[in-house]
Amino acid sequence: MKRLSLATATSLLFLVFIYVHLSLTAITNLTIFQELNRFRVVFSQSQLEQAGQITCNRSHAYYDLCSIDGPTLLEPITSTLYALDPINSTQQPISIWLKTRPYPRKWDKGATSIVKQLTLTSAPHSTQCEVTHNSPALVFSAGGYTGNLLHDFSDGFVPLFITINSLFYNQDVILVISDCNDLWWPQKYAEILAQFSHDPIIDIKKERVTHCFPSAIIGPIKHGPMIVDPTLLPHHPKSLNDFRIFLEKSYKKKCGDDVLITSNNRPQLVFVIRKLDVGRAILNKKEVIKAIEEVGFDVNVLDPTTTHTLARAFRLVHSSHAMLGVHGAGLTHMLFQRPKAVLVQVVPIGVDLPSNISFKGPAKNLGLEYMDYKVKNKRKQLS
């Protein structure tokens, strides 16, 4: 039997979603619509708080960007960053106290309500430096919607990538993290964190000693939902595809150039599944897998809710020719796909806009071939 080309197989795959019976659970999570609310917030042209070495720029829709331009002391027990007195000060410094939540969803009260507020101050103190670092600090939160893979990247690692390439290009930086769930977060993302910084992360919640830095940036920069805008990085332009390359380097250090070993040369497809209790789940998975195999693919199932390392997920997705799934956080694995691979998104009723924002637009920026099947029938069962 003559083997199907990848393009032909992919086209047939798309037909599967027209002729194969699919059952979808109801939509239960539309929090991504909050992304759109950012446009309803009106900011004044000048929302800059500045006193001495401490500056907080609050003019951005997504984030507040604060900095301490000079020696900085972190007192972790009270989550306070002190601007140390300038050496050449000739006047009695005025004490200021600024508050910030270093998480780039400032308009989203649900997310920021579970992000710890940090204090920046120039107030006198008697605390001594117990650990001194030669590199500046980049302080950010792993709170908010952390734990949802889409938000882990869109509100976490993509903004970190932007901030480091904006403000710390070719510099070492110390990652200082608040709201860190140390039971899983550092282990799950160990390869990415190590690619950002060679130094151990500082978990504010776990620390009991003070740390001093030559300076500090508090809060990551965000360009938009899963967006890296090269025009906003004029000195060292980067794109979302550069972030993909960054991830590839992170995981190839551990995985090498391994590819999945298969018994034939059939194209490989990753089928991302969702559990029933999270909504938008395909109920007749066996039928769908059979139909996909009949058009020429080998199918590898990826369940993001089960215990698996991201290194394993990278190896699986990066070795495949296509990935398919219902709109949801699991499709964030598209960041592991190779350019010109295929992403197929099943779009249930009512999520056209968030599906475009979260996956369609980013997929094209990643150089992927994007396809979608939009559910038209208002019934849950489709044929």
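Residues numbered from 1 in each chain as written. Predicted model: local features only at pLDDT ≥ 70, side-chain atom pairs only at ≥ 80, totals over all residues. Heavy atoms only, no water.

(A) Fine view of the overall build of the protein chain. Looking only at helices and strands, the protein chain features ten helices and 20 strands. Summarising the internal contacts of the protein chain: among those between residues at least 6 apart in sequence, 76% fall at separations of at least 24. Working note: accessible area of the protein chain is about 18,100 Å², and carbon and sulfur atoms make up 53% of it. (Helix = DSSP H or I, 4+ residues; strand = E, 2+ residues; numbered from the N terminus. Contact = heavy atoms within 4.5 Å. Areas by Shrake-Rupley, 256 points an atom, 1.4 Å probe, with all protein chains shown as cover.)

(B) Representation of the pairing of strand E10 (residues 137-141). Judged by how many residues are buried, E10 sits mostly within the fold: five of five residues are covered. Residues Ala137, Val139 and Ser141 line one face of E10 and the alternating positions Leu138 and Phe140 line the opposite face, and both faces are buried. One ladder, built from five bridges, connects E10 with strand E11 (residues 174-178); its direction is parallel. Across the sheet, the residue bridging to Val139 is Val176, located in E11. For the handedness criterion, the β-α-β arrangement of E10, helix H4 (residues 149-167) and E11 is classed as right-handed. (Buried < 20%, exposed > 50% of the residue type's maximum accessible area, 1.4 Å probe, protein only. Pairing = 2+ DSSP bridges. Right-handed = clockwise from strand over helix to strand, strands pointing away.)

(C) Inspection of the sheet that holds strand E18 (residues 342-347) at higher detail. Reading across the sheet, the five strands line up as E16-E15-E17-E18-E19 and stay open at both edges, with parallel pairing between neighbours. Edge positions in the open sheet fall to strand E16 (298-302) and strand E19 (369-374), since each of these has one partner strand only. In this sheet, adjacent strand axes meet at a mean angle of 20° when their direction is disregarded. The pairing of strand E15 (residues 268-272) with strand E17 (residues 322-326) spans four bridges and is parallel. In the sheet register, Val270 faces E17, and the bridge partner there is Met323. Those strands touched by helix H9 (residues 310-318) are E15, E16 and E17, and its axis lies near 155° from that of E16. Contacting E18 and E19, helix H10 (residues 352-365) runs over the sheet at an angle of about 180° to E18. (Axes fitted to C-alpha atoms, helices over the stretch in contact; angles between N-to-C directions.)

(D) Inspection of unusual backbone geometry at higher detail. Of note in the backbone geometry, Ser79 takes a positive phi value of approximately 55° without being a glycine. Mapped onto the elements of the fold, Ser79 is located in the loop between strand E5 (72-75) and strand E6 (80-83). On the basis of relative accessibility, which here comes to 2%, the residue Ser79 falls in the buried class.

(E) Region of interest: the sheet that holds strand E3 (residues 54-57). One open sheet holds the seven strands; their spatial order is E2-E3-E4-E14-E10-E11-E12, and the pairing between them is mixed. Strands at the two margins of the open sheet, each flanked by one partner only, are strand E2 (48-51) and strand E12 (202-203). Bridge count for strand E4 (residues 65-68) against strand E14 (residues 216-218) is three bridges, and the pairing is antiparallel. Paired with Ser67 across the two strands is Ile217, which belongs to E14. In this fold H4 packs onto E10 and E14, with an angle of close to 160° to the strand it touches most, E10.

(F) The arrangement of the layout of surface pockets in detail. The calculated volume of the second largest pocket comes to roughly 480 Å³. Looking at the lining of the second largest pocket, the elements with two or more residues in it are H4, helix H6 (190-196) and helix H7 (240-255). A class-by-class count of the residues in the lining of the second largest pocket yields eight nonpolar, six polar and four charged. (1 Å grid on protein atoms, 1.4 Å probe; cavity = no way out; pocket = protein on both sides within 12 Å on 5 of 7 lines; lining within 4 Å. Points joined across faces, edges and corners; volume = space filled by probe spheres on them. Nonpolar A, V, L, I, M, F, W, Y, C, P; charged D, E, K, R; others polar.)

(G) Broad picture of helix H8 (residues 285-294). Taken together, the buried positions of H8 are occupied by Val288, Ala291 and Ile292. Relative to the axis of H8, the buried residues are bounded by an arc of 100° and lie together on one face. The exposed set on the far side of H8, more than 90 degrees from its buried face, consists of Lys286, Lys290 and Glu294. Positive phi appears at Gly296, one or two residues downstream of H8, with a value of about 120°. (Arc of directions from axis to C-beta.)

(H) Quick peek at the state of the cysteines. Counted under the stated rule, the structure contains two disulfides. Covalent S-S linkage joins Cys56 and Cys66, the inter-sulfur distance amounting to 2.1 Å. On the S-S bond that ties Cys56 to Cys66, the torsion sits near 115°, and the link is right-handed. You can see Cys56 sitting in strand E3 and its partner Cys66 sitting in strand E4, a full ten residues away along the chain. In terms of burial, Cys56 and Cys66 fall into one category: buried. A sulfur-sulfur distance of 1.7 Å marks the disulfide that ties Cys129 to Cys212. Across the S-S bond of Cys129 and Cys212 the torsion is about -75°, and the bridge reads as left-handed. Residue Cys129 is found in the loop between strand E8 (118-121) and strand E9 (131-132), and its partner Cys212 is found in strand E13 (residues 211-213); the two are separated by 83 residues along the sequence. (Disulfide = S-S within 2.5 Å.)

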